[in-house]
Amino acid sequence: MRTKTKSGAPALPLNQIVSGDCIEVMRSLPEASVDLIFADPPYNLQLKGELHRPDNSRVDGVDDAWDSFDSFSTYDRFTNEWLAAARRILKPDGAIWVIGSYHNIFRVGAALQNQGFWILNDVVWRKSNPMPNFRGKRLTNAHETLIWASKSDSSKYTFNYEALKALNEDVQMRSDWVLPICTGHERLKDEKGDKAHPTQKPQALLHRVLVGCTDPGDVVLDPFFGSGTTGAVAKMLGRDWIGIERDKGYIDVAEKRLSKVVAYDKGSLEVTRPKRAEPRVPFGQLVERGLLRPGEKLTSLNGRHVARVRADGTLVAERVTGKANPVGAVLNGSIHKVGATLEGAPSCNGWTYWCFRRDGKTVPIDALRQQIRSELR
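First, a word on scope: everything that follows refers to the structure included in this document. Numbers given to residues run from 1 along each chain, matching the order in which its sequence is written. Local features in a predicted model are, by the rule used here, given only for residues with pLDDT of at least 70; side-chain atom pairs are given and counted only at 80 or more, and totals for whole chains, interfaces and linings are based on all residues. Here the side-chain values reflect all heavy atoms present in the structure, with hydrogen atoms and water set aside.

1. Some remarks on the overall build of the chain
We count it as follows: The helix count covers DSSP runs of H or I at least four residues long, the strand count covers runs of E at least two residues long, and both are numbered beginning at the N terminus. Only protein chains enter the accessibility calculation, which uses a 1.4 Å probe; a residue is then buried when its area is under 20% of its type maximum, exposed when over 50%, and partly exposed in between. In what follows, residue pairs with any heavy atoms lying within 4.5 Å of each other are defined as contacts. Method for areas: the Shrake-Rupley scheme with a 1.4 Å probe, in which residue coverage is limited to the protein chains shown.
Scanning the chain for helices and strands turns up 11 helices and 14 strands. For the chain, the proportion of its 377 residues judged to be buried stands at 41%. Intrachain contacts of the chain at a sequence separation of at least 6 include 65% that bridge at least 24 residues. As presented, the chain carries roughly 20,600 Å² of accessible surface, and 50% of it is formed by carbon and sulfur atoms.

So, in structure tokens, the structure goes:
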């Protein structure tokens, strides 16, 4: 059930499945209100009759009415209408993901560009367990294509680069993803044991998209909700979601599925951030906060040098020179400058170079910086 905001505008139906035509529903939602759209539109497969395996058994393909269009021009008109409605509700820094096959993705890509979206990447989802080509007249269709686009070329879209790199064993995430199609326990079935939805997408695919391109609390909308994979993964990951679906049977399947989904605890939703995104903490703040005291002794990580903390957040140290280690000139300056000078290096990361003693242990001063950062988040 939708309510209205104090201004009288319709509120977003967060964490709900809205029954109806996706174009009409999106036109009824507030403008610039959604952070990300994941769309799995009809592929317009243009199937000519039934498909059978070599043993003459029928292949359970997509032959539903929602995937049938009279002509390419009809499909293009539908694509342009739902994309225009989607673009209106995206925030200025929002983005969209659209998935398709060779039947439709090139037409969708052109429509995206014509409407002002800015394509960021096309991603090839290579299926590790694709359905074979039973007629043997074409290559096995072993992949689908996803297009990732921002609302405009100036959008400051969300991209959690470090998080996707972490998902990929600290190797930069590529634009070819090898993931299996829905099988086994993940495949939803109806009362007869048949597929509840013919094109159910794997959770792994949505997990990668949402971890990489949204943050907890963001609003994710799926205009072709189907069996509810987008909503299920969004709920697990602490994102708000909106599903639009016109088929009552699919709505029932999705609602039953979502009722069993348990969200991860908030502490587990933090993702790896780039260092440049971390709050800046001056060394002097450690002194101001009493985490280090003026006059306290710091030692270099290699144990060769000693410096003392001053009240203004600088260090003072004595350079040790020569084999007999006579006392050299007094050095003072920032944690980075003093460390670099002592080591005779062009630069030095003072946060990892200098250490302090607590409870008999040597600890890098960076531990104190991280303590302050955790309070700022």
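Moving on from the model shown.
2. Describing the nonpolar core
We apply this condition: By nonpolar core we mean a set of buried residues, namely Ala, Val, Leu, Ile, Met, Phe, Trp, Tyr and Cys, connected to one another through side-chain atoms within 4.5 Å.
Ranked by size, the top nonpolar core spans 36 residues in total, and within it L36, W97, L146, W177, L205 and L210 carry the most contacts. Counting residues per element, this core draws most heavily on helix α5 (residues 203–213), which supplies six residues. If you look at the next biggest cluster of nonpolar residues, it comprises 32 residues, including V18, L90, A111 and F224.

3. Overview of the packing of aromatic side chains
Going by this rule: Two rings from Phe, Tyr or Trp (for Trp, the six-membered ring) form a pair when their centres are within 6.5 Å of each other. A pair whose planes differ by under 30 degrees is stacked, one over 60 is edge-to-face, and the rest are tilted. Here, a charge over a ring means that NZ of Lys or CZ of Arg falls within 6 Å of the ring centre while also lying within 35 degrees of the ring normal.
The full count for this structure, using the stated rule, is 11 aromatic pairs. With centroids separated by 5.5 Å and ring planes inclined at 10°, the aromatic side chains of F225 and W241 adopt a geometry described as stacked. Placement of the pair is F225 in the loop between β7 (219–222) and α6 (229–236) and W241 in strand β8 (residues 240–245), with a sequence separation of 16 residues. W241 carries the same exposure label as F225, and that label is buried. Across the ring face of F117, the terminal group of R87 is positioned such that the distance to the ring centre comes to 5.5 Å. Over the aromatic face of W125 sits the side chain of K127, whose NZ or CZ is 5.3 Å from the ring centroid.

4. As for the pattern of salt bridges
Using the following cut-off: Should a side-chain nitrogen of Lys or Arg be within 4 Å of a carboxyl oxygen of Asp or Glu, the pair is scored as a salt bridge.
This structure, assessed with the given rule, holds 10 salt bridges. For the salt bridge of R246 with D21, the shortest nitrogen-to-oxygen distance reads 4.0 Å. Of this pair, R246 sits in the loop between β8 and α7 (248–259) while D21 sits in the loop between β1 (16–19) and α1 (22–28), and the two are 225 residues apart along the sequence. Exposure remark for R246: the relative accessible area of 55% places this residue in the exposed category. Ionic pairing is found between R304 and E343, a salt bridge with its closest N-O pair at 2.6 Å. Remark: E343 occurs in helix α9 (residues 335–343) and R304 occurs in the loop between β9 (297–300) and β10 (306–309); sequence separation between them is 39 residues. What makes R304 exposed here is its relative accessible area of 55%.

5. Observations regarding helix α11 (residues 366–376)
How we decide: By construction, the arc corresponds to the directions joining the helix axis to the C-beta atoms.
Among the residues of α11, those classed as buried are D366, L368, R369, I372 and R373. Down the axis of α11, the buried set is contained in an arc of 155°. They therefore lie on one face. On its buried face, α11 sits against α8 (283–288), α10 (350–353), β13 (354–358) and β14 (361–364).

6. A word on the environment of V306
With respect to the helices, strands and loops of the structure, V306 is situated in strand β10. With 49 residues separating them in the primary sequence, V306 and C355 have C-alpha atoms 9.6 Å apart. Residues contacting V306, with those up to four places away along its chain left out, are K297, L298, T299, A317, E318 and W354.

7. Overview of the environment of K260
Topologically, K260 is positioned in the loop between α7 and α8. Residues K260 and A232, 28 residues apart in the sequence, show an inter-C-alpha distance of 9.1 Å.

8. Considering the sheet that holds β7
Quick reminder of the rule: Here, a strand pair is defined by DSSP locating no fewer than two bridges between the strands. The angle between two axes is taken between their N-to-C directions and runs from 0 to 180 degrees, where each axis is a line fitted to C-alpha atoms and a helix contributes only its stretch in contact.
Pairing in this open sheet of eight strands is mixed, and the strands run β1-β8-β7-β2-β3-β5-β4-β6 from one edge to the other. Of all the strands in the sheet, the pair left with one neighbour each is β1 and β6 (176–179). Averaged over all neighbouring strand pairs, the angle between strand axes comes to 20°, with direction disregarded. With four bridges connecting them, β7 and β8 associate as parallel partners. In the sheet register, D222 faces β8, and the bridge partner there is G243.

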